[in-house]
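Each chain, written out:
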Amino acid sequence: LTQYNTMEDAMDLLRKSNNIIVITGAGISTSLGIPDFRSKETGLYSKIELHGLSDPQEVFDIGVFREEPGIFYEIAKDILPSTDKFSPTHAFIHLLQERNKLLTNYTQNIDNLEVKAGIREDKLIQCHGSFAFASCVKCGYRVPGEAIFEDLKAGRVARCPDCGSNKRKRGASQNKGKNKRSSGGDSDDDEEYDIPEPGVMKPDITFFGEELPHLFHDRLTKHDRDLVDLVIVIGTSLKVAPVSEVIGYLPSNVPQMYISRTPVNHINFDLDFLGDCDVVVAELCRRLNWDLEHEMIPKD
Ligand code: OAD
């Protein structure tokens, strides 16, 4: 049995580990002004007007979205990435990557700021998707996320620009799910008809009731589980499965570190650093003599 309990132990683990899994949540973006979900006074769920829902989480329920997309659109502006800036904690994960120590960053965040921080695609699993793209729930037509940002900001339900064109050649519906319009021109039957209503656009974020991206399971089970030598969990309450189950799924001899403001009771970590994650990672790097470059870290 090994017992870890000091900053020295954490530094030692960081020095010697070369295949680190970093699991992140909303807490790594709060210093940028993006609210988390469950913090008592500042979290999104404490602020959401219930709109008749019994639980604020239902805003992200796929069944509720299908019935009444307007509820999601009303609150989405509060979680829409409003910045391209990334936090010192994002910079820390990037630093692990640059030092060839990052195996994978599993993020639950949908702000896409890991990409802005330079985390490579092959090192990043966006477990709950992101606002980077949006798709039509009816025909699957996919657009870059920015295309619906104006609607999101205005709290207006975005409609599909593809199945939304109101006059279409018969046969166009056969293109269902394709990212292309029908050329239609050489169709035998060129009778036109009205499409009743264009589909609603949904950001490609994983709602409750939807599957996580396949890459999440594949990478975890077929690749990372055998390689991982350290787990660092940062800024998440670990309340949402299956991400919360990753820690228990990894071999028990792999050391696990938790960095967050609020302790968790349902999982025992080998090392807990309770506090502001930007401060904790900056201090670890300072002591390790690793140059964590970020404008929000005061120079002394
Ligand atoms: P939570 O809001 O549940 O947890 C964020 C955690 O980060 C809390 O424990 C905070 O105390 C902590 N925290 C906040 N700011 C911090 C800071 N600056 N430094 C250190 N810790 C800080 O958010 P998640 O765990 O990410 O799903 O939530 C998981 C999922 O639940 C989300 O991905 C979202 C939500 O429903 C979907 O939207 C599908």
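Now for a quick tour of the structure. Here the residue index of a chain counts from 1 through its sequence in written order. Under the rules for a predicted model, residues below a pLDDT of 70 receive no local features and side-chain atom pairs below 80 are neither given nor counted, while totals for whole chains, interfaces and linings still include all residues. Here the side-chain values reflect all heavy atoms present in the structure, with hydrogen atoms and water set aside.

Brief notes about the overall build of the chain
As a reminder, the rule being used: Per the convention used, a helix needs a DSSP run of H or I reaching at least four residues, while a strand needs a run of E reaching at least two, with both numbered from the N terminus. Relative accessibility under 20% of the residue-type maximum defines a buried residue, over 50% an exposed one, and the middle range a partly exposed one, all with a 1.4 Å probe and only protein chains included. Throughout, a contact is declared for two residues whenever any of their heavy atoms are within 4.5 Å. Method for areas: the Shrake-Rupley scheme with a 1.4 Å probe, in which residue coverage is limited to the protein chains shown.
A count of helices and strands for the chain gives ten helices and eleven strands. Expressed as a percentage of the 300 residues in the chain, the buried residues total 49%. For the chain, restricting intrachain contacts to residue pairs at least 6 apart in sequence, the fraction spanning at least 24 positions comes to 68%. Carbon and sulfur atoms make up 46% of the accessible area of the chain, which totals about 15700 Å².

A closer look at the pairing of strand S4 (residues 129-136)
The condition is simple: A pair of strands counts as paired when DSSP detects no fewer than two bridges linking them.
Counting buried positions along S4 yields six of eight residues, so the element is predominantly enclosed. Of the strand pairs in this sheet, S4 and strand S5 (residues 142-144) are connected by three bridges, and their pairing is antiparallel. Paired with Ala-134 across the strands is Val-143, a residue of S5. Here S4 folds back onto S5 in antiparallel fashion, the turn holding five residues, of which Gly-140 has a positive phi close to 85°.

Focus: the site of the ligand
Cut-off, in case you're wondering: Consider each residue's heavy atoms; a residue with any of them within 4 Å of a molecule or strand counts as near. Polar contacts, as counted here, are pairs of nitrogen or oxygen atoms within 3.5 Å of one another; within protein the pair requires one atom able to donate a hydrogen and one able to accept it, and residues that are adjacent in sequence qualify only if both atoms are side-chain atoms. Residues are grouped as follows: nonpolar covers Ala, Val, Leu, Ile, Met, Phe, Trp, Tyr, Cys and Pro; charged covers Asp, Glu, Lys and Arg; every other residue, Gly included, is treated as polar.
If you check the shell around the ligand, you find 24 residues, and the closest are Arg-38, Tyr-45, Thr-236, Ser-237 and Thr-262. Separating an oxygen atom of the ligand from a side-chain N or O atom of Tyr-45 is a distance of 2.5 Å. Measuring from a nitrogen atom of the ligand, one finds a side-chain N or O atom of Ser-260 at 3.5 Å. Compared with its free state, where it exposes 800 Å², the ligand has 97% of that area covered by protein. Counted by class, the shell around the ligand contains seven nonpolar, 13 polar and four charged residues.

Side note on the sheet that holds S4
Through backbone hydrogen bonds, the strands of a sheet pair up, either in parallel or in antiparallel fashion. Put simply, the rule is: With axes taken as lines fitted to C-alpha atoms, and helix axes fitted only over the stretch in contact, angles between N-to-C directions fall between 0 and 180 degrees.
Across the sheet, which stays open at both edges, the three strands sit in the order S5-S4-S8 with antiparallel pairing between neighbours. The sheet terminates laterally at S5 and strand S8 (201-205), the two strands that pair on one side only. Adjacent strand axes in the sheet meet at a mean angle of 40° when their direction is disregarded. The pairing of S4 with S8 spans four bridges and is antiparallel. Each residue of the ladder has a partner; that of Gly-129, found in S8, is Ile-205.

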